[in-house]
Amino acid sequence: HDPLGIERITENGIVANGREYSVDCIVFATGFEIGFQASERGFMVGGYDVVGRGGLKLSEKWAKGPRTLKSFSTHGFPNFFMQNAPQGTFTTNFVQKLDEEAQHVGYLIGKMKREGIVVYDPSKAAEDAWCKAIYERSGRGQKFFMNCTPGYYNREGQVIEGKSLKSWWGSPIPFFQLLKKERFENTVFDGIDIEYKAKL
């Protein structure tokens, strides 16, 4: 029993807890990274920086923690829509989450196109309110994740202790219902700085 996994692979097998175990076959699955990963340069998108208004890099803006509005967008980076970014939700069925997010962003883009909107940028006030809610809700379930085997769901065992902006909003179903409610009530542009296409 080694919750931290194997130490190394040898010519004859694997080594765990200082002991070599001979095996005939190894199914070697490296796992995968999900979402935005923190590095020494801050949060990165797929290993590279996204640049917003005034040349601001996302890694610079998020150096002290991610800042989003409902996980999809971030102030100062117009028309930049993210999937599985921090401050959203998490599902065991990852495809369901991606589908729900894609439906919402697809709705936003379609509505922008129909209404002649060319710029979608969360207002600073709306982003601040969302981040405040994330911070206040953070810390839930930390003991559970700290006792889990390291994996993608607990940042390889690097669980954040205390209040943080790097937390999830909460459970998936209420999060998806929040997005559906916005679409149904036509409030998807509340808290968004929008600009319309100039009329000729």
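Per chain, residue numbering runs from 1 following the sequence as it is written. For this predicted model, a pLDDT threshold of at least 70 governs which residues receive local features, and a threshold of 80 or more governs which side-chain atom pairs are given and counted, while totals over whole chains, interfaces and linings are taken from all residues. Side-chain metrics rest on all non-hydrogen atoms present in the structure, leaving aside hydrogens and water.

Numbering of helices and strands runs from the N terminus, with a helix taken as a DSSP run of H or I at least four residues long and a strand as a DSSP run of E at least two residues long. Helix and strand counts for the protein chain stand at five helices and seven strands. Written out in order from the N terminus, the α and β elements of the protein chain read β-β-β-β-β-α-α-β-α-α-α-β. Look at the contacts in the protein chain between residues 6 or more apart in sequence, and 60% of them connect residues 24 or more apart. Methods summary: accessible areas were calculated by the Shrake-Rupley approach with a probe of 1.4 Å, and residue burial reflects only the protein chains presented. Surface exposure of the protein chain reaches about 12,400 Å², of which carbon and sulfur atoms provide 54%. By definition in these notes, contact holds between two residues if any of their heavy atoms fall within 4.5 Å.

With that settled, the discussion passes to helix α3 (residues 124-137). Because each turn of an α-helix spans 3.6 residues, side chains separated by three or four positions end up pointing in the same direction. A rise of 1.5 Å per residue sets the reference length of α3, with its 14 residues, at 20 Å; its end C-alpha atoms lie 20 Å apart and thus fit the reference within 8%. Only protein chains enter the accessibility calculation, which uses a 1.4 Å probe; a residue whose area is less than 20% of its type maximum is buried, one above 50% is exposed, and one in between is partly exposed. Buried within α3 are the following residues: Ala126, Glu127, Trp130, Cys131 and Ile134. Summarising the axial view, the buried residues of α3 lie within an arc of 130°, below the 170-degree limit, and thus occupy one face. Exposed residues lying more than 90 degrees from the buried face of α3 are Ala125 and Lys132. Buried-residue contacts for α3 involve α1 (58-61) and α5 (172-185). Residue Gly139 follows α3 closely and has a positive phi angle near 100°. Multiplying 1.5 Å by the helix residue count minus one yields the expected span of that helix. The arc refers to the directions leading from the helix axis to the C-beta atoms.

Let us look at the pattern of salt bridges. A side chain of one charge can pair with a side chain of the opposite charge if their charged atoms are brought near each other. A pairing counts as a salt bridge when a side-chain nitrogen of Lys or Arg comes within 4 Å of a carboxyl oxygen of Asp or Glu. A full pass over the atoms with the stated rule returns ten salt bridges. For Glu127, the salt bridge goes to Lys61, with nearest N and O atoms at 3.0 Å. Of this pair, Glu127 sits in helix α3 while Lys61 sits in helix α1, placing them 66 residues apart in sequence. Taken individually, Glu127 and Lys61 each receive the classification buried, so the pair is uniform in this respect. Among the ionic pairs, Lys97 bridges to Glu101, the shortest N-O distance being 2.4 Å. Taken together, the positions of Lys97 and Glu101, both in helix α2 (residues 94-115) and four residues apart, correspond to about one turn of that helix. Among the charged side chains, a salt-bridge network with shared partners connects Lys61, Arg67, Lys124, Glu127 and Asp128.

This part is about the pairing of strand β6 (residues 117-122). Counting buried positions over the six residues of β6 gives five, a clear majority of the element. Strand pairing requires that DSSP identify at least two bridges connecting the strands. As judged from the five bridges shared by β6 and strand β7 (residues 192-196), these two strands associate in the antiparallel manner. Each residue of the ladder has a partner; that of Ile117, found in β7, is Tyr196.

Attention now goes to the nonpolar core. Residues Tyr120, Trp130, Phe175 and Phe189 are the most contacted members of the largest nonpolar core, which totals 17 residues. Apart from residues lying up to four places away in sequence, Phe175 is in contact with Lys70, Phe72, Gly88, Thr89, Trp130 and Trp169. Throughout this description, the term nonpolar core refers to a set of buried Ala, Val, Leu, Ile, Met, Phe, Trp, Tyr and Cys residues connected via side-chain atoms within 4.5 Å.

Here three strands make up an open sheet; going across it, the order is β1-β2-β3 and the pairing antiparallel. A strand with exactly one partner marks an edge of an open sheet, and here the two such strands are β1 (8-9) and β3 (19-22). Bridge count for strand β2 (residues 13-16) against β3 is four bridges, and the pairing is antiparallel. Paired with Ala16 across the two strands is Arg19, which belongs to β3.

Along its 14 residues, α5 runs 20 Å from first to last C-alpha, staying within 8% of the 20 Å computed at 1.5 Å per residue. Within α5 the residues assigned to the buried category are Phe175, Phe176, Leu179, Glu182 and Arg183. Projected down its long axis, α5 carries its buried residues within an arc of 115°, all on one side. What points out from α5, more than 90 degrees from its buried face, is the exposed set Gln177 and Phe184. Structurally, α5 contributes buried residues whose contacts are with α2 and α3. Asn186 sits one or two residues past α5 and shows a positive phi near 60°.

All quantities given are derived from atomic positions and should not be read as evidence of function.
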